[in-house]
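Chain residues, written in single-letter form:
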Amino acid sequence: MGLFNRIISRAAGEAVGKVLGDAINNAISGNGQNNGTDGQEPTANGSGVQSGSSNVQQPDLSPDRQTVQQLPEPKQSVKRSYQLWLSDERGDYNAEASFMFSGDFVESKTNAGEIDVVYIYDPLCSDAYTGFKLNEARPYFMIAPDIDEVFCSVGEYCENKTVKKAIWVQPSQEGKMMFRAKFEYYGDFMVMYGFRRTDGSPGGLCLVYKKDIEGTQLLGRLFSELEEAALTYNETITDKD
């Protein structure tokens, strides 16, 4: 989806809000789901990587599935950033992580120490912050280096180019990302990009969503937003001891 050049106008706000609200509800309830398969996801050995083969089949992440009502124009992408406190053999230092991400996602907060930042898909929100609660239907994006699906899979992929617990895994050429993988995640699905941070520690850009929206246009859009974050993610060292 890339960097968007237009933003939803104020005049159309009320009409767009109704259409989008109905479309999201339809998608989450499964009413807009296509009866076809969700692309051709790689399979084999439980990890999505064919044994002895480096040619991993690409899953279909394109936004070509249709919901009952067409989704409106997305909001413009904006730069997001946050501070990292890292450490390596040369000492402790600070860095700034930054990436471009759709304005349809709104910053939120959890009490989970494993999560650096979290953004909720809340396109009707006009505030800079939206509440977060567990087990709700809204998809969300997080950078979570210390959850098992990130911490363990980055190390495993670096060693073996596989991730045993993933539904599928494949190499990635998006920016600093090494691979992407799909997991079962507390009853939902999670697609993540795995990478090494500036200090060599594991990092992961993660999209979590309900299984009911699999195969919908809404999910295609969310995958595009995730890809944009992966393409633009960067870390800049701000000081070094």
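See the structure printed just above.
Residues numbered from 1 in each chain as written. Predicted model: local features only at pLDDT ≥ 70, side-chain atom pairs only at ≥ 80, totals over all residues. Heavy atoms only, no water.

In this section: helix α2 (residues 148–160). When the terminal C-alpha atoms of α2 are compared, their 17 Å separation across 13 residues agrees well with the 18 Å that a helix rising 1.5 Å per residue should span. Looking only at α2, the buried set comprises Glu 149, Val 150, Ser 153, Val 154, Glu 156 and Tyr 157. In this structure, the buried residues of α2 make contact with β6 (168–171), β7 (179–185), β8 (188–196) and β9 (202–209). Backbone geometry just downstream of α2 places Lys 161 in the positive-phi region, at approximately 60°. (Helix = DSSP H or I, 4+ residues; strand = E, 2+ residues; numbered from the N terminus. Expected span 1.5 Å × (residues − 1). Buried < 20%, exposed > 50% of the residue type's maximum accessible area, 1.4 Å probe, protein only. Contact = heavy atoms within 4.5 Å.)

Here we take up the sheet that holds strand β4 (residues 117–121). With antiparallel pairing, the seven strands of this open sheet are ordered in space as β3-β4-β5-β9-β8-β7-β6. Only two strands of the sheet have a single partner each, and these edge strands are β3 (105–108) and β6. Averaged over all adjacent pairs, the angle separating strand axes in this sheet is 20°, with direction ignored. With four bridges joining them, β3 and β4 adopt antiparallel strand pairing. Paired with Glu 107 across the strands is Tyr 119, a residue of β4. Across the sheet, α2 is in contact with β6, β7, β8 and β9; its angle to β8 comes to roughly 55°. Contacts from helix α3 (residues 217–232) reach β3, β4, β5 (140–143), β8 and β9 within the one sheet, and its direction differs from that of β9 by about 165°. (Pairing = 2+ DSSP bridges. Axes fitted to C-alpha atoms, helices over the stretch in contact; angles between N-to-C directions.)

Quick look at the nonpolar core now. Core analysis: the biggest nonpolar cluster contains 33 residues, and Phe 99, Phe 141, Leu 205 and Tyr 233 have the highest contact counts within it. Of all elements in the fold, only β1 (77–88), β2 (91–102), β4, β5, β8, β9 and α3 reach the threshold of two or more residues within this core. The greatest single-element share of this core, amounting to seven residues, is contributed by α3. Residues contacting Phe 141, with those up to four places away along its chain left out, are Phe 99, Phe 101, Phe 105, Val 117, Val 118, Tyr 119, Leu 205, Cys 206, Leu 226 and Ala 229. (Core = buried A, V, L, I, M, F, W, Y, C linked by side-chain atoms within 4.5 Å.)

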